[in-house]
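Here is how the chains run, residue by residue.
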Amino acid sequence: MPTLRPPKVLPPGGGETLHVLDEVATFKVTAGDGQGAFSLVELDCPPGGGVPLHTHDVADHVLYVLEGTFALTLDGRRETVTPGACAMIPRGHAHGYANVGDARGRLLVIATPPASEERVFLELAAMLATGPDGSTELTSAIRLLGARHDLALPLAEQPPTDPPPAS
């Protein structure tokens, strides 16, 4: 019989928090907490912040918008998402997002199985503490990390920051 992990309750703002440039990632449920089934991270993004287009070969993701306005790109299709919007992104599909609002925005990201985000954030934070400063070295660092984890970044440097035209 597998060993049961104890329940975990975090207060608001609780969880391991990492700062990468002006982005904040708070790990609410780690791969270990979820016994390898899933992870949950809260991302706090400044205006213009976000994640470049990428794919995962192993993990499915769910993005849920808590606050703010984001341009979400899925397989080349862009749409604006606001609080309460939810996107299911199966593995292998190109995705990225940018905060297109004028205030910080927050997202919840669920990955199943737990994707490499925890390691990527930890390694990127360490690299930025000793090296890249947001210039082209940052892109190089992200690509290097992508090669080490389930993260492919061949599609673009940044997702579009302008919302899609009204249909």
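Everything discussed here concerns the structure shown above.
Quick look at the structure, then. (Residues numbered from 1 in each chain as written. Predicted model: local features only at pLDDT ≥ 70, side-chain atom pairs only at ≥ 80, totals over all residues. Heavy atoms only, no water.)

## Things to note about the sheet that holds strand S5 (residues 60-67)
And step 1. Spatially, S1-S2-S3-S10-S5-S8 is the arrangement adopted by the six strands of the open sheet, whose pairing is antiparallel. The open sheet is flanked by strand S1 (16-20) and strand S8 (86-89), the only strands paired with a single partner. Across this sheet, the average inter-strand angle for adjacent strands is 20 degrees, counted without regard to direction. (Pairing = 2+ DSSP bridges. Helix = DSSP H or I, 4+ residues; strand = E, 2+ residues; numbered from the N terminus. Axes fitted to C-alpha atoms, helices over the stretch in contact; angles between N-to-C directions.)

## Examining empty space enclosed by the protein
One way to see where empty space is left: roll a probe the size of a water molecule over the atoms.
And step 1. Here the structure, examined in full by the defined rule, presents two cavities of 30 Å³ or more.
And step 2. Roughly 60 Å³ of volume is contained in the largest cavity.
And step 3. Elements with a minimum of two residues in the lining of the largest cavity: S5, strand S6 (70-74) and S8.
And step 4. Here the lining of the largest cavity is built from residues that sort into ten nonpolar, no polar and no charged. (1 Å grid on protein atoms, 1.4 Å probe; cavity = no way out; pocket = protein on both sides within 12 Å on 5 of 7 lines; lining within 4 Å. Points joined across faces, edges and corners; volume = space filled by probe spheres on them. Nonpolar A, V, L, I, M, F, W, Y, C, P; charged D, E, K, R; others polar.)

## Quick word on the pattern of salt bridges
Note on pairing: side chains with opposite charge can pair once their charged atoms come close.
And step 1. One pass over the full model with this rule turns up seven salt bridges.
And step 2. In this structure, aspartate 44 and arginine 104 form a salt bridge, with 2.4 Å as the shortest nitrogen-oxygen distance. With aspartate 44 in strand S3 (residues 39-45) and arginine 104 in the loop between strand S9 (95-99) and strand S10 (105-112), the pair connects residues that are 60 residues apart, well separated along the chain.
And step 3. Assessed through its relative accessible area of 32%, arginine 104 is described here as partly exposed.
And step 4. Across the pair arginine 106 and glutamate 67 runs a salt bridge, and its minimum N-O distance is 3.3 Å. (Salt bridge = Lys/Arg side-chain N within 4 Å of Asp/Glu carboxyl O. Buried < 20%, exposed > 50% of the residue type's maximum accessible area, 1.4 Å probe, protein only.)

## Some thoughts on the pairing of S10
And step 1. Where burial is concerned, the two faces of S10 differ: the one with Gly105, Leu107, Val109 and Ala111 is buried and the one with Arg106, Leu108, Ile110 and Thr112 is not.
And step 2. Relative to S10, S5 runs antiparallel, the two being bridged by seven bridges. Bridging across to S10, aspartate 60 finds its partner in threonine 112.

## Considering the packing of aromatic side chains
The geometry of an aromatic ring pair is captured by the separation of the ring centres together with the interplanar angle, meaning the angle of the planes.
And step 1. Tallied over the entire structure, the rule returns one aromatic pair.
And step 2. Ring plane angle 80 degrees and centroid distance 5.8 Å describe the contact between phenylalanine 70 and tyrosine 97, whose orientation is recorded as edge-to-face. Linking phenylalanine 70 in strand S6 with tyrosine 97 in strand S9, this pair joins segments that are 27 residues apart in sequence. The pair phenylalanine 70 / tyrosine 97 is uniform in exposure class, with both members buried. (Phe/Tyr/Trp six-rings, centres within 6.5 Å; stacked < 30°, edge-to-face > 60°.)

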